[in-house]
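Summary of the model geometry
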Amino acid sequence: MTVFFIGAGPGDPELITVKGQRLVRSCPVILYAGSLVPAAVLDGNTAERVVSTAELDLDEIVALLLDAHSKGQDVARVHSGDPSLYGAIGEQIRRIQALGIPYEIVPGVTATAACAATLGCELTLPDVSQTVILTRYATKTAMPAGEQLGDLARHGATMAIHLGVRHLARIVDELRPHYGDDCPIAVVYRASWPDEERVTGLLADIVDKVKATDIERTALILVGRVLAAEGFAESTLYAKAQ
């Protein structure tokens, strides 16, 4: 058997990969992050057992994986977005490796990609930014040395900040010295879900704009000049041959 760590995408059930959907529909056991993965992602499954792991701890999850292993049953372990980003799969993999349980990671569409899509922009533009930094705001888990928001902001690159909307005012205070008050920023709540909500503005006014909404969690922050760039150079990709 194999445990397949599957990225279900950001929310829209059509944004799961073909491979991910095939595995969800064919694996006899499904363990899914019920608080983040919409039920529609599981449509068409023929599983004998479907379990939401939203209320389970790591030991309980591993016990279910071990039980499936003992029965020779493949497991679709479904996570939101791409499981390699803030998916907490590392600790699961460490446990099942010690138990000799095979696994495979199936990539998914990231929340960052979904936010760029709904904002209608490219995150890398010539002469504006050729780098995208994906990070999170430090709360319960400390950030490693050199990864504080101010350290990363010095690059001036496009930045996607996870798990930070409740601390938006602090985040803006750390970004402003490096990006400037006039730098565009967007807060996207539940990108690609039916109740998606977008708030766009500048570092100077985004805090007040978000306060006027009910957004308190499940939102991604995107900041960078690419969000409102106009006079950027054209790439060489489609340039006429010289």
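Everything numeric in this text was worked out from a predicted model, so none of it was measured.

Definitions and cut-offs
- Residues numbered from 1 in each chain as written.
- Predicted model: local features only at pLDDT ≥ 70, side-chain atom pairs only at ≥ 80, totals over all residues.
- Heavy atoms only, no water.
- Helix = DSSP H or I, 4+ residues; strand = E, 2+ residues; numbered from the N terminus.
- Contact = heavy atoms within 4.5 Å.
- Pairing = 2+ DSSP bridges.
- Axes fitted to C-alpha atoms, helices over the stretch in contact; angles between N-to-C directions.
- Buried < 20%, exposed > 50% of the residue type's maximum accessible area, 1.4 Å probe, protein only.
- Domains from an automatic or database assignment.
- Buried area = accessible area lost by both parts, 1.4 Å probe.
- Salt bridge = Lys/Arg side-chain N within 4 Å of Asp/Glu carboxyl O.
- Polar contact = N/O pair within 3.5 Å; in protein donor to acceptor, adjacent residues only side chain to side chain.
- Nonpolar A, V, L, I, M, F, W, Y, C, P; charged D, E, K, R; others polar.

**What about the side chain of T112?**
Mapped onto the elements, T112 comes out in helix 4 (residues 111–119). Once you skip the residues sitting within four places of it in the chain, T112 turns out to touch L123, L134, A160, H162, L220 and L222.

**Details of the sheet that holds strand 1 (residues 3–7)**
With respect to topology, five strands assemble into an open sheet ordered 3-2-4-1-5, the strand pairing being parallel. Of all strands in the sheet, those with a lone pairing partner are strand 3 (49–52) and strand 5 (103–106), marking the two edges. Within the sheet, the average angular offset between the axes of one strand and its neighbour, ignoring direction, is 15°. Across four bridges, the pairing between strand 2 (residues 29–32) and strand 4 (residues 75–79) is parallel. Following the sheet pairing, Y32 is matched in strand 4 by V78. In the packing of helix 2 (residues 58–70) onto the sheet, contacts are made with strand 1, strand 2, strand 3 and strand 4, and the angle to strand 2 comes to roughly 165°.

**Quick word on the pairing of strand 2**
Burial along strand 2 is two-sided: the face carrying V29 and L31 and the face carrying I30 and Y32 are both buried. Here four bridges tie strand 2 to strand 3, and the two strands are oriented parallel to one another. Looking across to strand 3, one finds that V29 is bridged to R49.

**With respect to the pairing of strand 8 (residues 184–189)**
With six of its six residues buried, strand 8 lies for the most part within the structure. Judged by which residues are buried, strand 8 turns out to be covered on both faces: P184, A186 and V188 on one side and I185, V187 and Y189 on the other are all buried. Two elements, strand 8 and strand 9 (residues 197–202), share six bridges in a ladder whose sense is antiparallel. Across the sheet, residue P184 finds its bridge partner in strand 9, namely L202. Across five bridges, the pairing between strand 8 and strand 10 (residues 219–223) is antiparallel.

**Here's the deal with helix 4**
All buried positions along helix 4 are accounted for by T112, A114, C115, A116 and T118. Contact partners of the buried residues in helix 4: strand 6 (132–136), strand 7 (158–162), strand 8, strand 9 and strand 10.

**Considerations on the domain arrangement of the chain**
According to the domain assignment, the chain consists of domain 1 (3–106) and domain 2 (111–227). Both sides together, the interface formed by domain 1 and domain 2 hides about 700 Å², and carbon and sulfur atoms give 71% of it. Among the residues domain 1 hides against domain 2, the three largest losses belong to P10, L85 and Y86. Together they make up 64% of the total. Where domain 1 packs against domain 2, one counts zero salt bridges. Between the two partners, domain 1 and domain 2, sit five residue pairs in polar contact (both at pLDDT 80 or more). Within the side of domain 1 that touches domain 2, the residues separate by chemical class into seven nonpolar, one polar and one charged.

**Points about the pattern of salt bridges**
Scanning the entire structure with this criterion turns up nine salt bridges. Of the charged contacts, one joins E104 and K19 as a salt bridge, the two residues approaching to 2.5 Å between their closest N and O atoms. Taken together, the residues E104 in strand 5 and K19 in helix 1 (residues 18–26) connect sequence positions 85 residues apart. The partner of D67 in a salt bridge is R49, with the nearest N and O atoms 3.6 Å apart. With a gap of 18 residues between them, D67 in helix 2 and R49 in strand 3 connect regions that are remote in the sequence. We classify D67 as partly exposed; its relative accessible area is 27%. Sharing partners across several salt bridges, the network here consists of R49, D67 and K71.

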